Structure formats: structure tokens, C-alpha cells
Amino acid sequence: MPLESAVSETRVAATPETVKKFLSLGCSISIEKGAGIAAGFSDDSYSKAGAEIFETSDKKIWGECEIILCVQAPSEYCLSQVKNNCLLVGLLSPYSNTALEKSLEDSPITALALELLPRISRAQSADALSSQANIAGYKAVLIAASALDKYFPMLMTAAGTVQPAKIVVLGAGVAGLQAVATARRLGAVVFVSDIRPAVKEQVESLGGRFINPPLIESSQESGGYAKESSEDFLKAQRKELTKHLSEADVAICTAQVPGKTAPLLINEDMLSQMRPGSVVVDLAVAQGGNCSGSDPNKVILRNGVKLIGAADLPCTVPNHASSLYSRNLLSLLEPFIQNGKLNINFEDEIIAGCLISHTRIINNNIDSTNQGEQK
């Protein structure tokens, strides 16, 4: 397991807890020196769990490894050192990572991108997008509460009553629902907008108030994710949202479509109607943003409204993010490891769904008929 090389990446793909569980499956585990420091896991804690700590300069480890667990894809150099039947598993950005695509073309590596994991019941324990989105939704509310010029809860004091903050959450996926739950725990009044009428019950079960979508399209959902909406639908949705945003203290944007640019839900005109001092936290900023003018990892003041481009929020809670993510990886691989041997069933629905590069692995031996097919 490598030290993550991506800028600002603080998570790690294995914890001492999951190291012990992989060892119980008959595996041997090698951790690059310092890989878990940013997430609160020392090299010593990995050693005590039974892992071997290797130096970054040790090329031999890369040539011997059969599985690479990562958060984001390792460098091209690292991938060029691995053996031909190696399995790479992580959040590999399959829609946009051209550098990885080239590496996979040059090296016969089998790669599983967790972003493509099917949204089926059997795959829930391996669903890394959900575990990380949960953290993002939670942290987005805390950021908003810190940046807002008001309290979140209603308070009754000797000086009078303070009314609760009004929050509008755009998107009722995993991040959005966690944002609803967290904002409600802090005492805010929460309104939720989503293109899928079916999520109304979930929103209301958490104490949120659902904003019904325009009656232009039927339910927009595919494989557990919202689908891309038409421009006519988005215009009607913005019109409905404008009234709620003009009265809101905070807007939290979570609407994303896999492999697509995030829908623009808050335009300049809508922003101009929000009160000075209000806050917009845009979780979709890395995919283009739900809010006009938001910028990754920057706070921009627009007519008194704070636009917070909240990219990579799970990296700001690295200990728990790593713990959950490493369990996702263990859940994915555990059924295919017997007595320390990896034997993947490529016809399994979960594996087939997230396979982006295929070098057939049979009992740890590369298939002589390997065609290096790409998905």
C-alpha cells in the first residue's frame, strides 16, 4: 500500500484494523513508510498490527506486490514497477484520469475503480462513494455553521428569542441526507430540493421539508444515482428555488451526476437575491459546481454572500474517512481471497461493474491468453 501522492490527499487505504483482517485471510501486507501519518496512523501502529514497513526507494516491493490498495491512483512510475498480474483497487477517477489510462495501456494491470461500483444491496458495504459522501455532507454543515453570521438553533434568551437558521440542501443523495441530519441536529430548519420525488420520504424522516420538483420530467434516477436533467427542467427548478434561497441563510449544494458536469442550480440572478451574510457550500465544485462562481478550495465573497468551494471534504476528516474507506476495500476483496490466494470472479456483478482494465487473474497466475482488454 503506497503513500498517497496526490496534493492534499490525507487519507490512507488501510488501517491497523484492516491490516489485521487481511493478515487473517493469509495475506502479507506492506505499507510504505509514512503512508498513514496524515490520517493519524503511525508506522509503529502498522508494524504492531503485523504489516511490513518499506522505504519509498524500495523497488523490490513494487515488483512483488499482487494487490495495490490506494485512495487515488499511484504515480506512473510506481505502476511501471509492478508485476504484470497485479490488481489495483481505489478511487481511480475513471471518467477523467488520462494519465492512469495511459499507464494501464502500457502495463497489463487489472484495475477496479470504486466510483463504478454498482448500487446494489450486496455492494453496500464496499460503497466507498457513499462512505466518503457521508463525511462530506456532515462536514459541509459544520463549515457553513462556522461561516454563518447567525446561530443555527432557535435560542430563547433574556434579550429575546433568536430564530433558527434556514438551510436549503440541493440534492438528497448520501451527502445531502447527511447534511439534512446534521443541520437538524444543530437546530436549523431544513428544506431539500431533489429531482427525484421518491426521496421525499427519506428527507421527511430526517426532519427536512421537501421541495417538490417541477412536473416536467418523470423520476430521474439510474442505478441509484440521479440522471442528467434537461435545461427546461433546470430552469423550472431554479425558479422554484429562487424563493427559498431568497429566504435562506445557508445553501448546501450536493447535486452531481457520475461522469457529467454538475448541474448549475444557483445562477448569478439567484445569488443576487440571497441576503448578505448568507453562505453557499458547494460540494460539487470539482465537477463544475452547482453554484455560479464557486471555485475549488476557495472562499469567494459575492455581494456579501460567501461562496465556499468545498472540494475533498473527506480529506479534512482523514482518520474516520480512512477507517471507513479501508473497510470498503476489505468488504470488496474478502470474498475473493482464500488462504492468501486471490481468485477473482470477473463475472461477478460487483467486479464487472467497476472493472476498467482487465488482465485475467487465475490463482495469482497471469492467464497466457491475456488480451489486455479495456472496459
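Residues numbered from 1 in each chain as written. Predicted model: local features only at pLDDT ≥ 70, side-chain atom pairs only at ≥ 80, totals over all residues. Heavy atoms only, no water.

Glancing now at the overall build of the protein chain. What the protein chain contains, in helices and strands, is 12 helices and 21 strands. The C-alpha atoms of the protein chain give a radius of gyration of 23 Å, which matches the 21 Å a tight globule of 375 residues would have. Expressed along its principal axes, the backbone C-alpha trace of the protein chain runs to roughly 70 × 45 × 35 Å. For the protein chain, the residues scored as buried account for 51% of the 375 residues in total. Within the protein chain, contacts between residues separated by at least 24 positions form 61% of all contacts whose residues are at least 6 apart in sequence. When the accessible surface of the protein chain is split by element, carbon and sulfur atoms take 50% of a total near 17000 Å². Side chains of the protein chain give 33 positive and 40 negative charges; the mean places of these two sets differ by 6 Å. (Helix = DSSP H or I, 4+ residues; strand = E, 2+ residues; numbered from the N terminus. Rg over C-alpha atoms; globule rule 2.2 N^0.38 Å. Buried < 20%, exposed > 50% of the residue type's maximum accessible area, 1.4 Å probe, protein only. Contact = heavy atoms within 4.5 Å. Areas by Shrake-Rupley, 256 points an atom, 1.4 Å probe, with all protein chains shown as cover. Lys, Arg positive; Asp, Glu negative; His and termini not counted. Charge placed at Lys NZ, Arg CZ, Asp CG, Glu CD.)

Tallied over the entire structure, the rule returns 2 aromatic pairs. Ring geometry for F41 and Y46: centres 6.4 Å apart, planes at 55°, overall tilted. With respect to burial, F41 and Y46 carry one shared label: buried. Look at F54 and W62: their rings are 6.3 Å apart centre to centre, the planes differ by 90°, and that puts the pair in the edge-to-face class. Using a relative accessible area of 2% as the deciding quantity, one classes F54 as buried. (Phe/Tyr/Trp six-rings, centres within 6.5 Å; stacked < 30°, edge-to-face > 60°.)

Taken as a whole and judged by the stated rule, the model has 1 cavity of 30 Å³ or more. Roughly 30 Å³ of internal volume is contained in the largest cavity. Lining the largest cavity are S193, I211, N212, P213, P214, Q237, E240 and L241. It is helix α9 (residues 231-246) that contributes the most residues to the lining of the largest cavity, 3 residues altogether. (1 Å grid on protein atoms, 1.4 Å probe; cavity = no way out; pocket = protein on both sides within 12 Å on 5 of 7 lines; lining within 4 Å. Points joined across faces, edges and corners; volume = space filled by probe spheres on them.)

For the rest of this paragraph, the subject is the sheet that holds strand β16 (residues 305-309). Sheet strands line up and pair through hydrogen bonds in the backbone, either parallel or antiparallel. Spatially, 7 strands are ordered β10-β9-β8-β13-β14-β16-β15 in an open sheet, and the strand pairing comes out mixed. Two strands in the sheet have a free side with no partner beyond their single neighbour: β10 (209-211) and β15 (299-302). Between one strand axis and the next, the sheet turns by 20° as a mean value, whatever way the strands run. With 4 bridges connecting them, β15 and β16 associate as antiparallel partners. Bridge assignment links R302 to a residue of β16, and that residue is V305. (Pairing = 2+ DSSP bridges. Axes fitted to C-alpha atoms, helices over the stretch in contact; angles between N-to-C directions.)

This paragraph deals with the state of the cysteines. Throughout this description, disulfide means a covalent bond between two cysteine sulfur atoms. Tallied over the entire structure, the rule returns 0 disulfides. The thiol of C65 is unpaired, and the distance to the nearest cysteine sulfur, on C86, comes to 4.0 Å. Here C70 stays free of any disulfide, with the sulfur of C86 as its closest cysteine sulfur at 9.9 Å. For C70, a relative accessible area of 0% translates into the label buried. (Disulfide = S-S within 2.5 Å.)

With that settled, the discussion passes to the sheet that holds strand β19 (residues 355-357). Spatially, β3-β4-β5-β19 is the arrangement adopted by the 4 strands of the open sheet, whose pairing is mixed. The sheet is open, and its two borders are formed by β3 (67-69) and β19, each paired with just one other strand. Taken pair by pair, the neighbouring strands of this sheet meet at an average axis angle of 20°, ignoring direction. Note: strand β4 (residues 87-90) against strand β5 (residues 110-113), 4 bridges, orientation parallel. Paired with L88 across the two strands is A111, which belongs to β5.

Attention now moves to the layout of surface pockets. Considering only enclosed or pocket space, the second largest pocket measures out at about 570 Å³ in volume. Every residue lining the second largest pocket is counted, 25 residues in all, and those nearest its centre are S28, I29, C65, E66 and I67. Those elements giving two or more residues to the lining of the second largest pocket turn out to be α1 (16-24), β1 (30-32), β2 (52-54), α3 (59-64), β3 and β18 (341-342). Here the lining of the second largest pocket is composed, by residue class, of 17 nonpolar, 4 polar and 4 charged. (Nonpolar A, V, L, I, M, F, W, Y, C, P; charged D, E, K, R; others polar.)

With that settled, the discussion passes to the confidence of the model for the protein chain. Averaged over every residue, the pLDDT of the protein chain is 90; residues scoring 70 or more account for 92%. Across residues 361-375 the pLDDT falls below 50, and counting only partners more than four positions away or on other chains, this stretch makes 35 contacts in the model. (pLDDT = per-residue confidence, 0-100.)

Let's shift gears to the nonpolar core. Ranked by size, the top nonpolar core spans 41 residues in total, and within it M1, F22, I31, V89 and L332 carry the most contacts. Of all the elements in the fold, those that place two or more residues in this core are α1, α2 (43-49), β4, α11 (318-333) and α12 (349-354). At 5 residues, the largest contribution of residues to this core is made by α11. With 31 residues, the next largest nonpolar core counts A136, V169, A172 and V203 among its residues. (Core = buried A, V, L, I, M, F, W, Y, C linked by side-chain atoms within 4.5 Å.)

A few words now on the side chain of D348. Positionally, D348 belongs in the loop between β18 and α12. Taking relative accessible area as the criterion, D348 reaches 13% and is therefore assigned buried. A distance of 2.8 Å separates a polar side-chain atom of D348 from the backbone nitrogen of I350. Apart from the residues lying within four places of it in its own chain, the contact partners of D348 are R122 and F336. (Polar contact = N/O pair within 3.5 Å; in protein donor to acceptor, adjacent residues only side chain to side chain.)

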